[in-house]
There are 2 protein chains.
Amino acid sequence: MKTYLDCIPCFMDQALRAGRIAGIDETGIKKLLDEVGAMIKDLPLESSPPATGDLIYGKIREITGVNDPYKIIKKETIGEAKKLYPELKKIIEESDNKLLTAVRIAIAGNVIDFGVGHEFNIAEDVRAILNQEFGILHFDEFTASLNKTESVLYLGDNSGESVFDKLLVEELGKPVTYVVRDVPVINDVTMQDAIDSGLDTVAELISSGSSAPAIIPDLCSREFLDLFETADMIISKGQGNYEGLSGIDRPIFFLLKAKCHVLAKDLGVEKGDIVLASSNRITMASD
Amino acid sequence: MKTYLDCIPCFMDQALRAGRIAGIDETGIKKLLDEVGAMIKDLPLESSPPATGDLIYGKIREITGVNDPYKIIKKETIGEAKKLYPELKKIIEESDNKLLTAVRIAIAGNVIDFGVGHEFNIAEDVRAILNQEFGILHFDEFTASLNKTESVLYLGDNSGESVFDKLLVEELGKPVTYVVRDVPVINDVTMQDAIDSGLDTVAELISSGSSAPAIIPDLCSREFLDLFETADMIISKGQGNYEGLSGIDRPIFFLLKAKCHVLAKDLGVEKGDIVLASSNRITMASD
């Protein structure tokens, strides 16, 4: 997805929130905003929003010297999600369509996002999403693809959400490679966070090789790209990964909650909608 | 009021919306955002938000060559407000406390603001505010001051809101001087807008002498300051005027709806609250 003009004030807002989470003082945050403001003129609108995010969060690391400001928050949300795990597992097992319910729950986990400026309550939001209509639901394509494929490449998004991903991985019934961020960025899932979420017991874990808060192929490692370019089925979680991957000709299923109106418009849904979208079908729709 | 860090993303957002209203294309708006972004490093947090607004809207005028992008919108909102005038006049005349009801209606008019990014519906919002509790209500001080003063200096804010101001001016029962912006900025009330609102029939009209979207004494004309520095009672409408004037030792009554959480926090109220606050009492509260 290209960077829309609306993303630019949002970059400033993200820098402000991230600076506060990193615990820097007002003078430090002002310096951060000064630098992000000065970066705007060099941002091409053709690049994706998380490519800019990569620059911003790099700048935050540079100014604060704090490598993982969300470390404690990530531990807490993983813990909170793990407490919900048994109840959610039971909901899946008792449901008429276990796979679809697991998809819903994996999307519900996508509310755990500190990159957007919304409050969330994991337990309440999950329950609401279990009964929410989909804005886009390409479930037939999803099951057909899953039946055919030998394995699944699963692109993680946030920590905590990763516990919900485990529930979906367990329902896929195929070998899964789960992709994490190479370094801490916002509350995105890293190797350690994935292990803390128990994903190492159900999937092979690999790094994207990139510090960006999304899969942006140009920034990823050759090791990741070898998998990405040959996978028969890719599950991509969250907004950032969609922003980095939309328009790329790979067999991707985007699972996300549309958390801002810019992305919602790009996908043709309403803000707040939950989405299971096949990259094939999205491409066809925009032709 | 000082500029809070939260105001900085909001400046970018204002520039974006103003650029769109001015009808400039995506490239032009990007250029505007580039320039506003680059300005951030030179913004002292000690200056008030509308002082920055003055720079931003000046930049918009420079880039677009459009002097009054809100001209048509202002005509429409003044027309819409004038249609409500007879109904609101009747509500005031039939109420137990005409002055307080006129104050409420003048505050209700403050929803007509294109500087903040909220949708509004004049007729609906006015009816809601007629029944809303005040976040701050220094009405006893207001009536005491009004009884003592020989005249009132009334600082206007938005066009359309100006029609609601006329209803309050008519209830004050004292000679009123109504202050307008010197040049068009956002949808703020100018001399022509005040005349279109019928204010010339009930008040003397003067300009602040400044292009800022607020009364910022340092930027105003000597003619205005002579009145401001000697007035026994000043009514200040809206957020911008509060931001420019809070902390200044003059007998001011701030009438506004708190439309952003930064200003709400500065005043000690909730976002969305309506406020009639005496500058004396606010100063005492923060001592």
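Residues numbered from 1 in each chain as written. Chains lettered and ligands numbered in written order. Predicted model: local features only at pLDDT ≥ 70, side-chain atom pairs only at ≥ 80, totals over all residues.

Here we look at the packing of helix α2 (residues 26-39) of chain B against helix α3 (residues 49-64) of chain B
Residues and elements named next belong to chain B.
Here is step 1 of the chain: Running from N to C, α2 and α3 point in directions that differ by 145°, and their axes come no closer than 10 Å. Judged by the twist between their axes, the crossing of α2 over α3 is right-handed. Contacts from Gly28, Lys31, Leu32, Glu35, Val36 and Met39 in α2 reach Leu55, Ile56, Lys59, Ile60 and Ile63 in α3.
Here is step 2 of the chain: In the contact of α2 with α3, the residues fall into 7 nonpolar, 1 polar and 3 charged. (Axes fitted to C-alpha atoms, helices over the stretch in contact; angles between N-to-C directions. Helix = DSSP H or I, 4+ residues; strand = E, 2+ residues; numbered from the N terminus. Left-handed = near helix turned anticlockwise from the far one by under 90°. Contact = placed C-beta atoms within 7 Å. Nonpolar A, V, L, I, M, F, W, Y, C, P; charged D, E, K, R; others polar.)

Observations regarding the sheet that holds strand β7 (residues 274-278) of chain A
Residue and element names in this part refer to chain A.
Here is step 1 of the chain: The strand order across the open sheet formed by 7 strands is β1-β7-β6-β5-β2-β3-β4, and the pairing between neighbours is mixed. At either end of the open sheet lies a strand with only one pairing partner, and these are β1 (134-137) and β4 (204-207). The sheet shows a mean angle of 20° between the axes of neighbouring strands, direction not considered.
Here is step 2 of the chain: Pairing between strand β2 (residues 152-155) and strand β3 (residues 176-180): 4 bridges, direction parallel. Counted as the bridge partner of tyrosine 154 is tyrosine 178 from β3.
Here is step 3 of the chain: Sheet strands touched by helix α5 (residues 98-108): β5 (234-237), β6 (252-257) and β7. Its angle to β6, the strand with the most contacts, is close to 60°. (Pairing = 2+ DSSP bridges.)

Let's talk about the sheet that holds strand β4 (residues 204-207) of chain B
Residues and elements named next belong to chain B.
Here is step 1 of the chain: With mixed pairing, 7 strands are arranged side by side in an open sheet as β1-β7-β6-β5-β2-β3-β4. Of all strands in the sheet, those with a lone pairing partner are β1 (134-137) and β4, marking the two edges. Adjacent strand axes in the sheet meet at a mean angle of 20°, parallel and antiparallel pairs treated alike.
Here is step 2 of the chain: Contacts from helix α5 (residues 98-108) reach β5 (234-237), β6 (252-257) and β7 (274-278) within the one sheet, and its direction differs from that of β6 by about 60°.

Things to note about the relation of the copies chain B and chain A
Here is step 1 of the chain: Mapping chain B onto chain A calls for a rotation angle of 180° and an axial translation of 0.0 Å; the resulting RMSD is 0.0 Å. Here the transformation between the copies is reduced to the relation of a two-fold axis. Closest approach to the rotation axis among the C-alpha atoms of chain B is made by Gly37(B), whose C-alpha sits 2.0 Å away.
Here is step 2 of the chain: A share of 100% of interface residues in chain B that are also interface residues in chain A marks the association as one of identical surfaces. (Least-squares fit on C-alpha atoms with pLDDT ≥ 70 in both.)

Looking at the domain arrangement of chain A
Residues and elements named next belong to chain A.
Here is step 1 of the chain: Entries for chain A in the domain assignment read domain 1 (7-64) and domain 2 (71-286).
Here is step 2 of the chain: The distance between the C-alpha centroids of domain 1 and domain 2 comes to 25 Å.
Here is step 3 of the chain: Of the residues lining the interface, 12 residues belong to domain 1; the matching set on domain 2 comes to 14 residues. (Domains from an automatic or database assignment.)

What about the interface of chain B and chain A?
A common way to report how large an interface is uses the accessible area buried once the components associate.
Here is step 1 of the chain: With 17 residues of chain B at the contact, the number on the chain A side is 17 residues.
Here is step 2 of the chain: Of all the elements in the fold, those that place two or more residues in the side of chain B that touches chain A are α1 (7-21) and α2 of chain B.
Here is step 3 of the chain: Of the residues assigned to the side of chain B that touches chain A, the class counts are 10 nonpolar, 1 polar and 6 charged.

Some thoughts on helix α11 (residues 238-245) of chain B
All names here are of chain B.
Here is step 1 of the chain: Counted residue by residue, α11 has 8 buried out of 8 residues, so it is predominantly covered.
Here is step 2 of the chain: Those residues of α11 lying buried are Gly238, Gln239, Gly240, Asn241, Tyr242, Glu243, Gly244 and Leu245.
Here is step 3 of the chain: Buried residues along α11 sit against α3, β2 (152-155), β5, β6 and α12 (261-267).
Here is step 4 of the chain: One or two steps after α11, the chain reaches glycine 247, where phi turns positive at roughly 90°. (Buried ≥ 20, exposed ≤ 12 C-beta atoms within 10 Å, placed from the backbone.)

Observations concerning the environment of Lys89(A)
Residues and elements named next belong to chain A.
Here is step 1 of the chain: Its place among the elements puts lysine 89 in helix α4 (residues 71-94).
Here is step 2 of the chain: Taking the C-beta count within 10 Å as the criterion, lysine 89 has 16 such neighbours and is therefore assigned partly exposed.
Here is step 3 of the chain: Taking the C-alpha atoms as reference, lysine 89 lies 38 Å from leucine 55; in sequence the two are 34 residues apart.

Some remarks on the confidence of the model for chain A
Here is step 1 of the chain: Counting all residues, the mean pLDDT for chain A is 92, and 97% of those residues have values of 70 or more.
Here is step 2 of the chain: With a pTM of 0.87, the predicted complex shows an ipTM of 0.84. (pLDDT = per-residue confidence, 0-100.)

Description of the packing of helix α1 (residues 7-21) of chain A against helix α3 (residues 49-64) of chain A
In a packed pair of helices, the relevant descriptors are the angle between the two axes and the axis-to-axis distance.
Residues and elements named next belong to chain A.
Here is step 1 of the chain: Between α1 and α3, the shortest axis-to-axis distance is 10 Å and the interhelical angle comes to 30°. Comparing their axes, α3 and α1 come out roughly parallel. The handedness of the crossing between α1 and α3 comes out as right-handed. Between α1 and α3, the contacting residues are Cys7, Phe11, Gln14, Ala15, Ala18 and Gly19 on the first element and Pro49, Thr52, Ile56, Tyr57 and Ile60 on the second.
Here is step 2 of the chain: Of the residues belonging to the contact of α1 with α3, the class tally is 8 nonpolar, 3 polar and no charged. (Parallel < 35°, antiparallel > 145°, perpendicular 65-115°, else oblique.)

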